[in-house]
Amino acid sequence: MSQGKLYNRDGELIAKVNYKYFNGISQSWWGELTLTEYKKITEGNGYIIELEDGRCGRCSLRKKVNRAVHGLSPLFCYIFNGTGDLR
């Protein structure tokens, strides 16, 4: 998995993430991410993901599964969907 960062729409860092990026058709892309620390975030629009290579793009998040491990705080896995260019 690659490491990146997740920001809110105002550019404030929410969390560091581990992600898998899947290139879709030209203006549509998606992937899966897991927060590196326990943090509750709201599903929906208004996020910016920064990929390991420095490219950024606006995306929406949808919770996929709760990856709870006995004795540890749960880490949530999200699907991210973006449109437009990654810059």
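Not measured: the values here are computed from a predicted model.

J.: Tell me about the nonpolar core, residues and numbers included.
T.: Residues Leu6, Leu33, Leu35, Ile41, Ile49, Leu61 and Phe80 are the most contacted members of the largest nonpolar core, which totals 18 residues. Looking at this core, the elements that each hand over two or more residues are strand E2 (13-22), strand E3 (28-35), strand E4 (44-50), strand E5 (56-67) and strand E6 (75-83). It is E2 that contributes the most residues to this core, four residues altogether. With sequence-adjacent residues up to four places away left out, isoleucine 49 is seen in contact with Lys5, Leu6, Trp29, Leu33, Arg55, Cys56, Gly57, Cys59 and Phe80.

J.: Report on the confidence of the model for the chain, specifying residues and quantitative values.
T.: The predicted model of the chain has a mean per-residue pLDDT of 87, with 85% of residues at 70 or higher. Taken element by element, the chain is modelled with least confidence in E5, mean pLDDT 84, and with most confidence in strand E1 (residues 2-8), mean pLDDT 97.

J.: Outline the side chain of asparagine 8, listing residues and values.
T.: Here asparagine 8 lies in strand E1. Of the polar contacts made by the side chain of asparagine 8, one reaches the backbone nitrogen of glutamate 12; its length is 3.0 Å. Apart from the residues within four sequence positions on either side, asparagine 8 is in contact with Ile14, Gly46 and Ile48.

What counts, and at which threshold
- Residues numbered from 1 in each chain as written.
- Predicted model: local features only at pLDDT ≥ 70, side-chain atom pairs only at ≥ 80, totals over all residues.
- Heavy atoms only, no water.
- Core = buried A, V, L, I, M, F, W, Y, C linked by side-chain atoms within 4.5 Å.
- Buried < 20%, exposed > 50% of the residue type's maximum accessible area, 1.4 Å probe, protein only.
- Helix = DSSP H or I, 4+ residues; strand = E, 2+ residues; numbered from the N terminus.
- Contact = heavy atoms within 4.5 Å.
- pLDDT = per-residue confidence, 0-100.
- Polar contact = N/O pair within 3.5 Å; in protein donor to acceptor, adjacent residues only side chain to side chain.

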